[in-house]
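# Structure assessment
Each chain, written out:
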Amino acid sequence: MMEALRAGVVGIGKMGLYHVGVLAEMRDLKLTHISDVNEERCQEISQRFGLTPVTDYKDMFGKVDVVVVAVPTVLHYPVTKDFLNAGIHVLLEKPCANNLDHAREMFDIAEKKNLILHIGHVERFNGAVQELHKLVQDPVFVECKRTGPFNQRIKDDGVVLDIMIHDIDIVLNLMQSKVISTNVMGTSVFSGRDDLVNVQMVFENGCMANIIASRASQNKIRTLSVTQKESYVLLDYTDQEIYVHRQSSSEHQLSKDTLRYKQESLIERIFVHKDNPLKLELQHFLDCVQNGTPRNVAVDKELYSLEIALGIVDTFNRQRTGT
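Reading guide: rules and limits
- Residues numbered from 1 in each chain as written.
- Predicted model: local features only at pLDDT ≥ 70, side-chain atom pairs only at ≥ 80, totals over all residues.
- Heavy atoms only, no water.
- Salt bridge = Lys/Arg side-chain N within 4 Å of Asp/Glu carboxyl O.
- Helix = DSSP H or I, 4+ residues; strand = E, 2+ residues; numbered from the N terminus.
- Buried < 20%, exposed > 50% of the residue type's maximum accessible area, 1.4 Å probe, protein only.
- Axes fitted to C-alpha atoms, helices over the stretch in contact; angles between N-to-C directions.
- Parallel < 35°, antiparallel > 145°, perpendicular 65-115°, else oblique.
- Left-handed = near helix turned anticlockwise from the far one by under 90°.
- Contact = heavy atoms within 4.5 Å.
- Disulfide = S-S within 2.5 Å.
- Pairing = 2+ DSSP bridges.
- Nonpolar A, V, L, I, M, F, W, Y, C, P; charged D, E, K, R; others polar.
- Polar contact = N/O pair within 3.5 Å; in protein donor to acceptor, adjacent residues only side chain to side chain.
- Phe/Tyr/Trp six-rings, centres within 6.5 Å; stacked < 30°, edge-to-face > 60°.
- Lys NZ or Arg CZ within 6 Å of the ring centre and 35° of its normal.

Two side chains that carry opposite charge are able to pair once their charged atoms sit near each other. Enumeration over the complete set of coordinates arrives at 18 salt bridges. Its salt-bridge partner being Arg 146, residue Glu 123 comes within 2.9 Å of it at the nearest N-O pair. Within this pair, whereas Glu 123 is found in the loop between strand E6 (117–120) and helix H5 (127–135), its partner Arg 146 is found in strand E7 (residues 139–147), the two being separated by 23 residues in sequence. A relative accessible area of 2% means that Arg 146 is categorised as buried. Close ionic contact of Arg 146 with Asp 167 constitutes a salt bridge, the shortest N to O distance being 2.8 Å. With Arg 146 in strand E7 and Asp 167 in helix H6 (residues 159–175), this residue pair connects regions lying 21 residues apart in the sequence. The same class applies to Arg 146 as to Asp 167, namely buried. Linked by salt bridges that have partners in common, Arg 124, Asp 169, Arg 295 and Glu 302 make up one network.

Laid out in structure tokens, this is it:
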């Protein structure tokens, strides 16, 4: 019988705590250690789950086989590099890094040491996203909206690396085509970073995409829509729902006092198997580690998504500073 993997989590913020909760319930795995610079929080969470707290994450070396790294983005590179060099498989929360060369170096280390470096894009494991790939054949236009109120806990990332990167990742993997041009518009509202950004993309295959991300909105929206010649597909991330509109028709009805617009279409609600996306992601990561299961997104595509996201941030910063 295969011995259970030993796991640790570094960074017990909101996302790190989610990982702790899911890992603590997984079979064939033993969550043993957690680490956070906030010693009081680390002690409290460790007592709640029966874990060993460590202030210095390097104290986990030799004591865990896999680790989840959920620290601020600026620390992704040094922390992940240390674990990989120590021979430990890593699930690193998105974004992979704030520097493309650092990301490439981490993947190179993982390859040379025959380790798994998985980037935590949890939306890939949303049941609705899984179904979306079966429905999209010849996209003409894609539109993504990801909005919500400002959160003070996000200190080192703007809206692009915090939430828009989810949609960039999904759209690029949906298109299977290179971006040939981008147009970036954005503004700072509550911070000195990108708080509201609208990106327009054109792909080699002729498809266009419009991606809006905002942390300056009082309304939380998480949607993606795809226009195709014969259908319109609408995905709601929050509810894990997909609706397909077909055979649409519209007309204007003019009476003596009013002008009304009428639209009719066949609407198909797609069955979506709903499960906890984070649990599915962790299972996939562990499957890659234990069974050699192929990663769901190739390394070159991981790097391409990051390259596009960092390019958008760079364009925003240059526009804001006038350089």
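Put simply, H6 and helix H8 (residues 299–321) touch, their axes get as near as 9 Å, and they point 130° apart. Classified by the interaxial angle, the pair formed by H6 and H8 is oblique. Handedness of the crossing formed by H6 with H8: right-handed. Contacts from Val 160, Leu 161, Met 164, Ile 165, Ile 168, Asp 169, Leu 172 and Asn 173 in H6 reach Lys 301, Tyr 304, Ser 305, Leu 306, Ile 308, Ala 309, Leu 310, Ile 312 and Val 313 in H8.

This part is about the state of the cysteines. Each disulfide consists of one covalent bond between the sulfur atoms belonging to two cysteines. The tally for this structure, following the rule as stated, stands at zero disulfides. Left unpaired, Cys 207 is separated from the closest cysteine sulfur, that of Cys 144, by 10 Å. Lacking any disulfide linkage, Cys 288 is separated from the closest cysteine sulfur, that of Cys 96, by 15 Å. On the basis of relative accessible area, Cys 288 is assigned to the buried category, the value being 6%.

Among the seven residues in strand E10 (residues 208–214), five count as buried, and that is most of the element. Pairing of strand E9 (residues 196–203) with E10 involves seven bridges; the strand directions are antiparallel. The residue bridging Val 197 from the neighbouring strand is Ala 213, located in E10.

It is worth spelling out helix H3 (residues 76–85) at this point. For an α-helix the count is 3.6 residues per turn, leaving residues at separations of three or four pointing the same way. Among the residues making up H3, those that are buried are His 76, Tyr 77, Val 79, Thr 80, Phe 83 and Leu 84. Lining the buried residues of H3 we find strand E1 (5–10), strand E4 (66–69), strand E5 (89–93), helix H4 (100–112) and E6. At the C-terminal side of H3, Gly 87 shows a positive phi close to 80°.

So, on to the sheet that holds E5. In space, the six strands of this open sheet follow the order E3-E2-E1-E4-E5-E6, with parallel pairing throughout. With one partner strand each, in any of the chains shown, strand E3 (52–54) and E6 form the two edges of the open sheet. With direction set aside, neighbouring strand axes in the sheet form an average angle of 25°. Direction of pairing for E4 relative to E5: parallel, over a ladder of four bridges. What sits directly across from Val 66, in E5, is His 89. On top of the sheet, helix H7 (residues 277–291) reaches E1, strand E2 (29–35), E4, E5 and E6; it is set at about 155° to E5, its chief contact.

Another point: the packing of helix H1 (residues 14–23) against H7. Taken N-terminus to C-terminus, the directions of H1 and H7 make an angle of 70°; their axes are 10 Å apart at the nearest point. The angle between H1 and H7 falls in the class roughly perpendicular. Each of Met 15, Tyr 18, His 19, Val 22 and Leu 23 in H1 lies in contact with H7, whose residues at this interface are Leu 278, Lys 279 and Leu 282. Residues of the contact of H1 with H7, tallied by class, amount to six nonpolar, one polar and one charged.

Structurally, Ser 35 is set in strand E2. A distance of 3.0 Å separates the side chain of Ser 35 from the backbone oxygen of Val 54, its partner in a polar contact. Apart from residues lying up to four places away in sequence, Ser 35 is in contact with Val 9, Val 10, Gly 11, Ile 12, Cys 42, Val 54, Thr 55, Asp 56, Tyr 57 and Met 60.

Our next topic: the packing of aromatic side chains. All told, the structure shown has three aromatic pairs when counted by the stated rule. For the ring pair Phe 61 and Phe 83, a centre distance of 5.2 Å and an interplane angle of 80° mean the geometry is edge-to-face. Residue Phe 61 is found in the loop between E3 and E4, and its partner Phe 83 is found in helix H3; the two are separated by 22 residues along the sequence. Residue Phe 61 is classed as partly exposed on the basis of its relative accessible area, which comes to 28%. Taking relative accessible area as the criterion, Phe 83 reaches 0% and is therefore assigned buried. Against the face of Tyr 304 rests Lys 178, its NZ or CZ located 3.8 Å from the ring centre.

Of note, the amide linkage connecting Lys 94 to Pro 95 takes the cis form, showing an omega dihedral of -10°. Even without being a glycine, Asp 28 presents a positive backbone phi close to 60°. In this structure, Asn 114 is a non-glycine residue whose phi angle is positive, near 55°. Within the secondary structure layout, Asn 114 lies in the loop between H4 and E6. Overall, Asn 114 belongs to the exposed group, its relative accessible area being 69%.

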